Amino acid sequence: MKDVLGEKAYGIDVTETDGTDDLHCPEEAIEKAQKLAADLYGSDECWFLVNGSTCGNEAMVLSAAGPGEKIIISRDAHKSVLMGLILSGAHPIWIYPEFAERESPTAIITPGLIKKACAEHPDAKAVFLTSPSYYGICQPLKEIADICHGFGMPLLVDEAHGGHFRFHEAFPDDALSSGADVVVQSTHKTSGSLTQTSLLHLHSDLISRDRIDQSLKLVQSTSPSYVLMSSLDAARNQMAVNGRDLMDKAIKTAEYIRNGLRTAKGVYVFDEFKDRDPLRIAVSLRKTGIDGFRFQRLLFEKNITTEMADINYVLIIVSWGTTRDEADKLLEAVRRIASLRSSGKTKKEMIPSAEETYKVFRTEQRTSPREAWFSKKKKITLYEAENRIAGEMIVPYPPGIPAIYPGEVITEEIIRYLDKLRCLGASFHGVNDIDNMEIYVTEQP
Ligand SMILES: Cc1ncc(COP(=O)(O)O)c(C=O)c1O
């Protein structure tokens, strides 16, 4: 084991004892480290998370709304928000993001949508948004926070992909400085800490800090890893000391790649929206008839691993560790693949736009996710499931946004869409047998 992990990892793999403090009751080093993180990120209080933003999202939902209570949620939420809904028993009021830009890989939530949802559901306990999206596109959080606060509702933000925004002026404003009340950030995704480590921030008195603290005790391990926690503190220090320089380097490399892709024939780079993370590059070969999944596989065959693919796009994430050589290798590979245009197996017309994809998600939430989760269920093929109530989620992964939630009515459009995704080679979470496309539905139709 030492050969694999190295001696140092074992040296810090301690447990709760005198002098090492306790994450669930921090009074010494962990308390100090969390306070330093709160100061750096501009929150009133910060909690270290060792189960990722997954447990942060669960805790945010648990601390905002209980059984039968309403919570307004953007329908592009990560599946961990659904897990929070199952644990809490809260009832989601979905808002469906709108497309301002046809080629966009993700949609946005307009302030008007939030105002309407809050006015129609003044009894909702909170508004929950994801910003930025996996593709780095941000919601207009400042205006949205003002609207939520006008209704006395806290704004909870899943900023899993935006924990680095604070460290360079080229990034959009971060959620905390935009007025969000509770924010989760996957430090491991963008700021160098080890996988599974995240931060949860509170910056408000609209939500109880004790309820957040108690919710985290429900969803975090009682044996939190000191290796993981140390990496959070070290990443915080690195960001405090060198954050701007590191981000500057990454931004310059990303700009170099973006410029190279923009001039390549047959390649479309998504460049719209001002509030967008410059380190996320969504590239499409849709016009050449190559879908995103196939594009990703072709890049992989050339030893290039990208972050994710969807029907249209491959997402490239640039970090401060990305070298010019790697950037050039990527540009050369994309140019070569784009020149395959006529030999594409996927017909252009087979590839639905992201806008069409989002339309598919609109259906009725017949019961709460918790009710559907705990109800009697049976397994049937997806092709027999039209008009049945889903008893589980089906999640194309990444990005992890459920195509169907427990408690939602399964429509013919969703069945056709999932079948198409399967044929194109997408990966799924939540479907037991992908070849047979089987799904649990509630026994009560
Ligand atoms: C938007 C979003 N929120 C939350 C999560 C979960 O984060 P973690 O992997 O830190 O648990 C993810 C994971 O990819 C995500 O994309």
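Treat the numbers as computed from the prediction; the structure is a model and nothing was measured.

Enquirer: Would you explain the nonpolar core in this entry?
Expert: It is characteristic of soluble globular proteins that their nonpolar side chains tend to be buried jointly. By size, the foremost hydrophobic cluster in this structure holds 98 residues, and its most contacted members are Ile-114, Leu-155 and Leu-261. Broken down by element, this core gets its largest block of residues, 12 residues, from helix α10 (residues 226–262). For Leu-155, the contacting residues outside a window of four places in its chain are Val-127, Leu-129, Leu-141, Ile-144, Ala-145, Cys-148, His-149, Ala-180, Asp-181 and Val-182.

Enquirer: In this structure, what is going on with helix α11 (residues 292–301)? I would like to understand it.
Expert: An α-helical segment advances 3.6 residues per turn. Residues three or four places apart therefore align on the same side. Of all the residues in α11, the buried ones are Gly-292, Phe-293, Arg-294, Phe-295, Leu-298 and Leu-299. Buried residues along α11 sit against β9 (280–284), β10 (308–309), β11 (313–317), α12 (324–338) and α15 (412–424). Two or three places before Phe-293, at the start of α11, stands the capping residue Asp-291, its side-chain oxygen 2.9 Å from that residue's backbone nitrogen. Asn-303 lies just past α11 and shows a positive phi near 60°.

Enquirer: Even after reading the chapter, I still don't get the domain arrangement of the chain, so can you show me in this structure?
Expert: The extent of an interface is frequently quoted as the accessible surface area lost upon association of the parts. Each domain of the chain was delimited in the assignment, giving domain 1 (14–240), domain 2 (243–349) and domain 3 (363–442). The centre of domain 1, based on its C-alpha atoms, is set 29 Å off from the matching centre of domain 2. Listed as interface residues are 25 residues of domain 1 and, on the opposing side, 24 residues of domain 2. Interface area for domain 1 against domain 2, summed over the two sides, is near 2,300 Å², with a carbon-plus-sulfur share of 63%. The tally of links from domain 1 across to domain 2 stands at one salt bridge. The salt bridge partner of Glu-169 is Arg-244, with a shortest N-O separation of 2.4 Å. Our count for the contact surface shared by domain 1 and domain 2 stands at 12 residue pairs in polar contact (both at pLDDT 80 or more). Here the residues of the side of domain 1 that touches domain 2 sort into 13 nonpolar, nine polar and three charged.

Enquirer: Mind showing me how you'd approach the sheet that holds strand β6 (residues 182–185) here?
Expert: The strands making up a sheet are joined through hydrogen bonds of the backbone, oriented either antiparallel or parallel. The strand order across the open sheet built from seven strands is β1-β7-β6-β5-β4-β2-β3, with neighbouring strands paired in mixed fashion. Looking at which strands have only one partner, the edges of the open sheet turn out to be β1 (45–49) and β3 (91–95). Averaged over all pairs of adjacent strands, the angle between their axes in this sheet comes to 20°, without regard to strand direction. Where strand β2 (residues 70–74) meets strand β4 (residues 127–130), two bridges bridge the pair, whose relative direction is parallel. Of the residues in β4, the one forming a bridge with Ile-72 is Val-127. In this fold helix α5 (residues 79–88) packs onto β2, β3 and β4, with an angle of close to 170° to the strand it touches most, β2.

Enquirer: It is not clear to me how the packing of aromatic side chains should be interpreted in this structure. Could you clarify?
Expert: Two aromatic rings, taken as a pair, are described by how far apart their centres are and by the angle between their planes. Counted according to the given criterion, the structure contains five aromatic pairs. Note on Phe-165 and Phe-171: the rings are 5.7 Å apart at their centroids and 25° apart in plane angle, and the pair reads as stacked. Given the relative accessible area of 5%, Phe-171 is considered buried. Across from the ring centre of Trp-94, 5.4 Å away, lies the NZ or CZ of Arg-75, which sits over that ring.

Enquirer: Quick question: what am I supposed to make of the site of the ligand here?
Expert: Around the ligand there are 14 residues in total, and Thr-54, Asp-158, His-161, Ser-186 and His-188 lie nearest to it. Contact between the ligand and Ser-53: an oxygen atom at 2.8 Å from a main-chain N or O atom of the residue. His-161 places a side-chain nitrogen or oxygen 2.7 Å from an oxygen atom of the ligand. In isolation the ligand has 390 Å² of accessible area, and contact with the protein removes 88% of it.

Enquirer: What exactly am I supposed to notice about the side chain of Gln-220 here?
Expert: Along the polypeptide, Gln-220 turns up in the loop between α9 (209–219) and α10. Polar side-chain contacts of Gln-220 include one of 3.0 Å to the backbone oxygen of Phe-48. Within the local environment of Gln-220, its side chain forms a polar contact with the backbone nitrogen of Val-50, the two atoms lying 2.8 Å apart. The contact partners of Gln-220, leaving out residues within four places of it in the chain, are Leu-23, His-24, Phe-48, Leu-49, Val-50, Asn-51 and Cys-55.

Enquirer: What exactly am I supposed to notice about the packing of helix α6 (residues 111–120) against helix α7 (residues 141–150) here?
Expert: Helix-helix packing is described using two parameters, namely the angle between the two axes and the distance between the axes. Remark: α6 packs on α7, axes separated minimally by 9 Å, with the N-to-C direction vectors making an angle of 15°. When the axis of α6 is compared with that of α7, the two are roughly parallel. Here α6 runs over α7; the crossing is right-handed. Residues Pro-111, Ile-114 and Lys-115 of α6 touch α7, and the partners they reach there are Glu-143, Ile-144, Ile-147 and Cys-148. Each residue belonging to the contact of α6 with α7 can be placed in one class, and the counts come to five nonpolar, no polar and two charged.

Enquirer: How do you make sense of the sheet that holds β10 when you look at a structure like this?
Expert: The four strands lie next to each other as β8-β9-β11-β10, forming an open sheet whose pairing is antiparallel. If you trace the sheet from one side to the other, it starts and ends with β8 (268–269) and β10, each paired once. Each of β8, β9 and β11 is contacted by α10, which is oriented at about 15° to β9, the strand it contacts most.

Enquirer: Which parts of the structure should I look at to understand the pattern of salt bridges?
Expert: A side chain of one charge can pair with a side chain of the opposite charge when the charged atoms of the two come close. Inspection of the entire model under this criterion finds 25 salt bridges. For Asp-123, the salt bridge is made with Lys-70, and the minimal N-O distance between the two is 3.2 Å. Highlighted residues: Asp-123 in the loop between α6 and β4 and Lys-70 in strand β2, separated in sequence by 53 residues. One connected set of salt bridges, linked through shared partners, spans Glu-45, Arg-209, Asp-210, Asp-213 and Lys-217.

Enquirer: Which parts of the structure should I look at to understand the side chain of Ser-133?
Expert: Locating Ser-133 in the fold gives a position in the loop between β4 and α7. Leave out the neighbours within four places in its chain, and Ser-133 touches Thr-106 and His-161.

Enquirer: Can you help me understand α6 in this one?
Expert: Among the residues of α6, Pro-111, Leu-113, Ile-114, Ala-117 and Cys-118 are the ones counted as buried. Projected onto a plane normal to the axis of α6, the buried residues spread over an arc of 160° and lie on a single side. Along α6, exposed side chains directed more than 90 degrees from the buried face belong to Lys-115 and Lys-116. The inward-facing, buried residues of α6 contact β2, β3, β4 and α7.

Thresholds applied
- Residues numbered from 1 in each chain as written.
- Predicted model: local features only at pLDDT ≥ 70, side-chain atom pairs only at ≥ 80, totals over all residues.
- Heavy atoms only, no water.
- Core = buried A, V, L, I, M, F, W, Y, C linked by side-chain atoms within 4.5 Å.
- Buried < 20%, exposed > 50% of the residue type's maximum accessible area, 1.4 Å probe, protein only.
- Helix = DSSP H or I, 4+ residues; strand = E, 2+ residues; numbered from the N terminus.
- Contact = heavy atoms within 4.5 Å.
- Polar contact = N/O pair within 3.5 Å; in protein donor to acceptor, adjacent residues only side chain to side chain.
- Domains from an automatic or database assignment.
- Buried area = accessible area lost by both parts, 1.4 Å probe.
- Salt bridge = Lys/Arg side-chain N within 4 Å of Asp/Glu carboxyl O.
- Nonpolar A, V, L, I, M, F, W, Y, C, P; charged D, E, K, R; others polar.
- Pairing = 2+ DSSP bridges.
- Axes fitted to C-alpha atoms, helices over the stretch in contact; angles between N-to-C directions.
- Phe/Tyr/Trp six-rings, centres within 6.5 Å; stacked < 30°, edge-to-face > 60°.
- Lys NZ or Arg CZ within 6 Å of the ring centre and 35° of its normal.
- Near = heavy atom within 4 Å.
- Areas by Shrake-Rupley, 256 points an atom, 1.4 Å probe, with all protein chains shown as cover.
- Parallel < 35°, antiparallel > 145°, perpendicular 65-115°, else oblique.
- Left-handed = near helix turned anticlockwise from the far one by under 90°.
- Arc of directions from axis to C-beta.

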